[in-house]
Amino acid sequence: MANRLLSTTTRHLISQRLLPSCTNYFSTTSSSASNVFSKITFIGTGKMSQAMLSPLISQNLQTPSSITAYDVSDAALAKVEELYPGVQTATSIPEAISDSNLIVYGVKPQNVDKVHAEIRRAKLEGAGNVRDDAILLSIVAGVPIQNFIDGSSVQKVARSMPNTPAQIGAGVTVWGCTENIDANERKKIKTILDSFGETVFVDDEMFIDMSTSISGSGPAYVFLLMEAMVDAGVHMGFSRETATTLVHHTLLGSTKFAMETGEHPAVLRNSVTSPAGTTASAIYELENGKFRTVIKDAIWACYRRSLEMGGQCSQVGPNRATMPMPESSLGEGASESASSHHPVKPPMGEMRVQSSFGSKQP
């Protein structure tokens with residue numbers, strides 16, 4: 001698994017201590033595990049599910065035998081059995097979730113309702129042994145907590161938004177949960193999420209939709225910038241390999257520098273920009289092309305799409321009029337005159353940053 005996920009460049013960065021202890025996430029250890037949950041079930045075995053599954057085993061947080069996986073694809077399950085010996089597989093959702101106290105939703109948003117129906121059937125019709133204390137943990141983009149409660153009939157739900165760097169243990173995950181999940185259970189969930197990177201706990205679920213547009217989809221923005229810089233380097237005459245190395249280390253080094261200095265990005269940018277110099281000429285073209293505006297508009301567009309995927313009003317952000325909420329989105333006791341869930345006011349909850357590699361920050 002490690003060899004498949006880590007490129008030569010990435011291994012070099014790890015060896016030079018430029019990435020945060022990623023080897024820990026994919027190393028194989030022989031010491032016995034003390035399970036965080038008695039049984040964890042993964043419904044869906046895609047990249048993000050495997051990004052969670054791999055460190056659970058390698059960091060001895062769960063024994064393979066205490067993990068069960070279900071996928072509609074037999075080939076996907078066979079791959080799980082090959083990569084993670086000892087992990088159990090199931091041929092149905094009711095079978096997979098039986099006696100499980102953490103059920104991870106790792107499916108596409110359009111398939112969530114199908115999973116709901118199977119869990120509801122198992123819970124209400126006795127098709128499977130669904131524990132009363134079972135917790136649903138979603139890694140599905142855009143689907144709100146209430147959807148899981150109403151759809152599955154399971155009352156304890158945690159919703160998270162990880163990102164793709166979790167696959168090398170360098171992800172960041174924003175998460176929140178229902179109030180009926182107690183402190184000990186929250187600690188266990190955080191332990192699971194901490195295993196593949198940074199975690200940010202939020203009291204207001206709206207922050208999770210917002211994080212989709214910054215950290216969840218953010219890697220794609222960075223990869224697009226990376227691609228454009230590499231292509232420009234090739235256009236100028238560098239080999240693609242050399243251009244790629246230059247860009248990778250430039251982005252990595254700049255990020256590390258910003259994190260370690262703690263300086264505002266504008267201060268760091270100014271420190272590189274000499275009057276009438278080469279960088280100043282480049283920045284002029286970026287500003288003239290409305291680089292900042294395009295980035296901000298892209299982030300707002302992503303946020304709006306996340307809301308739409310969850311059946312929520314997406315009339316938010318600059319140049320968006322406040323629109324009445326659809327009747328189907330009004331909860332019990334809600335006012336018929338309710339407007340967009342976020343027309344002007346920011347979320348009222350608090351964000352708590354818990355670093356897997358450092359201490360708690362305000």
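Values in this document were obtained by computation on a predicted structure and should not be read as measured data. (Residues numbered from 1 in each chain as written. Predicted model: local features only at pLDDT ≥ 70, side-chain atom pairs only at ≥ 80, totals over all residues. Heavy atoms only, no water.)

## Structural notes on unusual backbone geometry
Phase 1: Positioned with a positive phi, Ala276 is a non-glycine residue whose angle comes to about 60 degrees.
Phase 2: Inspection of the secondary structure puts Ala276 in the loop between α13 (265-272) and α14 (278-288).
Phase 3: The backbone of Lys290 sits at a positive phi, close to 60 degrees, despite the residue not being glycine.
Phase 4: Here Lys290 shows up in the loop between α14 and α15 (291-309).
Phase 5: Among the residues examined, Lys290 registers a relative accessible area of 56% and is labelled exposed. (Helix = DSSP H or I, 4+ residues; strand = E, 2+ residues; numbered from the N terminus. Buried < 20%, exposed > 50% of the residue type's maximum accessible area, 1.4 Å probe, protein only.)

## Notes on a nonpolar patch on the surface
Phase 1: Together, Leu225, Met229, Leu286, Phe291 and Ile295 make up an exposed nonpolar region whose accessible area comes to about 380 Å².
Phase 2: Looking at the element boundaries, Leu225 is found in helix α11 (residues 218-236).
Phase 3: For Leu225, a relative accessible area of 36% puts it in the partly exposed group. (Patch = residues over 30% accessible without salt bridge, like charges linked within 9 Å, V, L, I, M, F, W, Y side chains within 5 Å. Areas by Shrake-Rupley, 256 points an atom, 1.4 Å probe, with all protein chains shown as cover. Salt bridge = Lys/Arg side-chain N within 4 Å of Asp/Glu carboxyl O.)

## Notes on the environment of Thr242
Phase 1: Structurally, Thr242 is set in helix α12 (residues 240-261).
Phase 2: Counting along the chain gives twelve residues from Thr242 to Val230, while the straight-line C-alpha distance between them is 8.9 Å.

## A closer look at helix α8 (residues 145-152)
Phase 1: Those residues of α8 that sit buried are Ile145, Phe148, Ile149, Gly151 and Ser152.
Phase 2: Where α8 is buried, its residues contact β4 (102-105), α7 (112-124), β5 (135-138), β6 (156-161) and β7 (171-177). (Contact = heavy atoms within 4.5 Å.)

## As for the pattern of salt bridges
Phase 1: Taken as a whole and judged by the stated rule, the model has eleven salt bridges.
Phase 2: The residue Glu185 makes a salt bridge to Lys156 at a minimum N-O spacing of 2.9 Å. Residue Glu185 is found in helix α9 (residues 183-194), and its partner Lys156 is found in strand β6; the two are separated by 29 residues along the sequence. As far as the burial class goes, Glu185 and Lys156 line up, both buried.
Phase 3: As a salt-bridge pair, Arg292 and Glu287 come within 3.0 Å of each other at their nearest N and O atoms.
Phase 4: Overall, the relative accessible area of 43% leaves Arg292 in the partly exposed class.
Phase 5: The exposure class assigned to Glu287 is partly exposed, which follows from its relative accessible area of 37%.
Phase 6: Members of the salt-bridge network, linked through shared partners, are Arg159, Glu205 and Asp209.

## Some thoughts on the nonpolar core
Phase 1: Met52 and Ile189 are the most contacted members of the largest nonpolar core, which totals 32 residues.
Phase 2: Secondary-structure elements contributing two or more residues to this core are β1 (40-43), α4 (47-58), β2 (67-70), α5 (74-83), β4, β5, β7 and α9.
Phase 3: If you tally residues by element for this core, the top one is α4, at five residues.
Phase 4: Setting aside chain neighbours within four positions, we find Met52 in contact with Phe42, Val104, Leu137, Ile139, Ile192, Leu193 and Phe196.
Phase 5: Ile43, Val115, Ile119 and Val154 belong to the second largest nonpolar core, which has 23 residues in total. (Core = buried A, V, L, I, M, F, W, Y, C linked by side-chain atoms within 4.5 Å.)

## Focus: the confidence of the model for the protein chain
Phase 1: Considering every residue of the protein chain, the mean pLDDT works out to 84; 79% of them sit at 70 or more.
Phase 2: Put simply, helix α1 (residues 2-5) is where the protein chain has its lowest mean pLDDT, 40, and α11 is where it has its highest, 98.
Phase 3: Scored below 50 in pLDDT, residues 20-32 shows 31 contacts in the model against residues more than four places distant or in partner chains. (pLDDT = per-residue confidence, 0-100.)

## Things to note about the packing of helix α10 (residues 206-216) against α11
Phase 1: Axis separation between α10 and α11 bottoms out at 5 Å; the angle between their running directions is 25 degrees. Compared by their axis directions, α10 and α11 come out roughly parallel. Across the interface between the two elements, Ser213, Ile214, Ser215 and Gly216 of α10 pack against Gly218, Pro219 and Tyr221 of α11.
Phase 2: Per-class residue counts for the contact of α10 with α11 are three nonpolar, four polar and no charged. (Axes fitted to C-alpha atoms, helices over the stretch in contact; angles between N-to-C directions. Parallel < 35°, antiparallel > 145°, perpendicular 65-115°, else oblique. Nonpolar A, V, L, I, M, F, W, Y, C, P; charged D, E, K, R; others polar.)

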